[in-house]
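Close look at the chain arrangement
Single-letter residue listing:
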Amino acid sequence: MKQERIRKITVLVSPAAGMAMRAIRRVTATGATMLVLLSFGLQDAGAQGRQATPDEPYRIIGVVWRGETEVEDGFRAQLRQRGIPFEFEVKNLDLDRNNAPPFIEEIRQKQPDLVYTWGTGTTTSIVGRVEQENPGDYIRDIPGVFVLVAYPIEANIVEKFERPGRMVTGVSYLAPVDVQLGAIKAYHDFKALAVIYDESAENSRINVEHLREAVPQVGMKLLEYRVPDNNEGRPDPGALPELVQRARDDGADLLYMGPDSFVTRHSDVYTSSAIEAGLPTFSSTQAPLLNSRAMFGLVTDYFTVGRLAGLQAERILVDGLDPQTLPVGQLARNKLWINMDVVHEVGLYPPLALMAVADFRDSPKTD
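None of these values were measured; they are calculated from a predicted model. (Residues numbered from 1 in each chain as written. Predicted model: local features only at pLDDT ≥ 70, side-chain atom pairs only at ≥ 80, totals over all residues. Heavy atoms only, no water.)

**Focus: the overall build of the protein**
For the protein, the count of helices and strands is 14 helices and 14 strands. For the protein, the residues scored as buried account for 54% of the 367 residues in total. Residue pairs in contact within the protein that sit at least 24 positions apart in sequence constitute 75% of those at least 6 positions apart. Just so you have it, the protein exposes about 16100 Å², and 46% of that area is on carbon and sulfur atoms. (Helix = DSSP H or I, 4+ residues; strand = E, 2+ residues; numbered from the N terminus. Buried < 20%, exposed > 50% of the residue type's maximum accessible area, 1.4 Å probe, protein only. Contact = heavy atoms within 4.5 Å. Areas by Shrake-Rupley, 256 points an atom, 1.4 Å probe, with all protein chains shown as cover.)

**A few points about the packing of aromatic side chains**
Per the counting criterion, the structure on display carries seven aromatic pairs. Between the aromatic rings of Phe 75 and Tyr 116, the centroid separation amounts to 4.8 Å while the plane-to-plane angle is 50°, which identifies the pairing as tilted. Here Phe 75, found in helix 3 (residues 70-81), pairs with Tyr 116, found in strand 4 (residues 114-118); they are 41 residues apart in sequence, far enough to count as distant. Of the two residues, Phe 75 and Tyr 116, neither departs from the other in class, the shared state being buried. Taken together, the ring pairs in this structure connect Tyr 187, Phe 190, Tyr 256, Phe 282 and Phe 296 into an aromatic cluster. (Phe/Tyr/Trp six-rings, centres within 6.5 Å; stacked < 30°, edge-to-face > 60°.)

**Things to note about the nonpolar core**
With 91 residues, the main nonpolar core has Ile 60, Phe 75, Tyr 116, Ile 126, Ile 184, Tyr 187 and Phe 296 as its most contacted residues. Looking at this core, the element that brings in the most residues is helix 12 (residues 302-317), giving seven residues. When neighbours within four sequence positions are excluded, Ile 126 is seen to be in contact with Val 63, Ala 100, Ile 104, Ile 107, Val 115, Thr 117, Tyr 138 and Ile 139. If you look at the next biggest cluster of nonpolar residues, it comprises 24 residues, including Val 244, Ala 247, Phe 262 and Ala 277. (Core = buried A, V, L, I, M, F, W, Y, C linked by side-chain atoms within 4.5 Å.)

**Some remarks on helix 4 (residues 100-110)**
Listed in full, the buried residues belonging to helix 4 are Ala 100, Phe 103, Ile 104, Glu 106 and Ile 107. Along the axis of helix 4, the buried residues cluster in a sector spanning 165°; they form a single face. Packed against the buried residues of helix 4 are strand 2 (58-64), strand 3 (86-92), strand 4 and helix 5 (120-126). Positioned one or two residues after helix 4, Gln 111 has a phi angle of 50°, which is positive. (Arc of directions from axis to C-beta.)

**Focus: the pairing of strand 11 (residues 296-299)**
One face of the sheet, then the other: side chains in a regular strand alternate in exactly this way. Along strand 11, one buried face is formed by Phe 296 and Leu 298 and the opposite face, lined by Gly 297 and Val 299, is buried too. Sheet topology note: the strand 10 (residues 281-283)/strand 11 ladder contains two bridges and is parallel. Considered in strand 11, the bridge of Ser 283 is made with Gly 297. In terms of strand pairing, strand 11 meets strand 13 (residues 335-339) through four bridges, oriented antiparallel. Opposite Leu 298, over in strand 13, you have Leu 336 as the bridge partner. (Pairing = 2+ DSSP bridges.)

**Regarding the pairing of strand 9 (residues 254-257)**
Along strand 9, one buried face is formed by Leu 254 and Tyr 256 and the opposite face, lined by Leu 255 and Met 257, is buried too. In this sheet, strand 10 lies alongside strand 9 in parallel orientation, the contact comprising three bridges. Along strand 10, the bridge assignment pairs Tyr 256 with Phe 282.

The values reported here are purely geometric and, on their own, carry no functional implication.
Next comes the structure, spelled out in structure tokens:
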């Protein structure tokens, strides 16, 4: 098991530096991330769901993309803390959407009280989209809660954050791109941001579209590199070191890691190549910071995302609220995470003002 070493650092910040960090402080939390549901004026309607008992618990079927994560741990922990009887059966797509139809059929046969889905690809594979040509191929009549969906509106999973408009609601976990860029510029006056991405992944395409609009507005140049396919027609992880070096040769001074499942799975190779090239890496998600050697990022804690999903499940199962009108949950604050051992290797240290609001850790060592 990979061990995590946490460094606690106390810093005095000058008034001028404090003023420069106001925007970052609004969206960061040092230590434990706050669990806050932005309800958009949601009012309890006096409804009540089926009252479960230990003998007849709520039945939940979860479908995940690449095995269980800390999100599922947080989901279970929240329901247990609230004393809610439940059974949580988890199915794994194992990185292949073609595995979805048998799970859909099983869900139809078992008729659980709630369907839980992890990630954009899983969610669209199991419950489909708002506008679906063949809705009968998906689960449309059982309440659903999604997690780890970066862009639920752009991916056409819900109509609005305030009112999903269908039997599915969930948790949005990604800090807005402009806020991420604010954290990046607060760390250092970077000039050219490079993104290496899997063009076949919907999250990645949407993320790059946001970057194209936002990066020039903060005075940076955006460099884009699509991961080429291998002989099997899939993104080639062997191309990552060459793409990192190409980005460096083209003048990039920062590598950006978005909500890209392919890059996350191969983040050891990606971040090690970045360190060899002397390039810092910024991650918008927790996994590359926790499991590989990304240098810094503005992220949402996976366990806390799971807890918020558990709160959403409680509103549906216990309180009897309709997912169609239950707003998508959002965390009020994100965590600014800096892996100090990578900082030492790259030689680019954060300003004191940023240190006052950051979590400092050592990333796991990789072979």
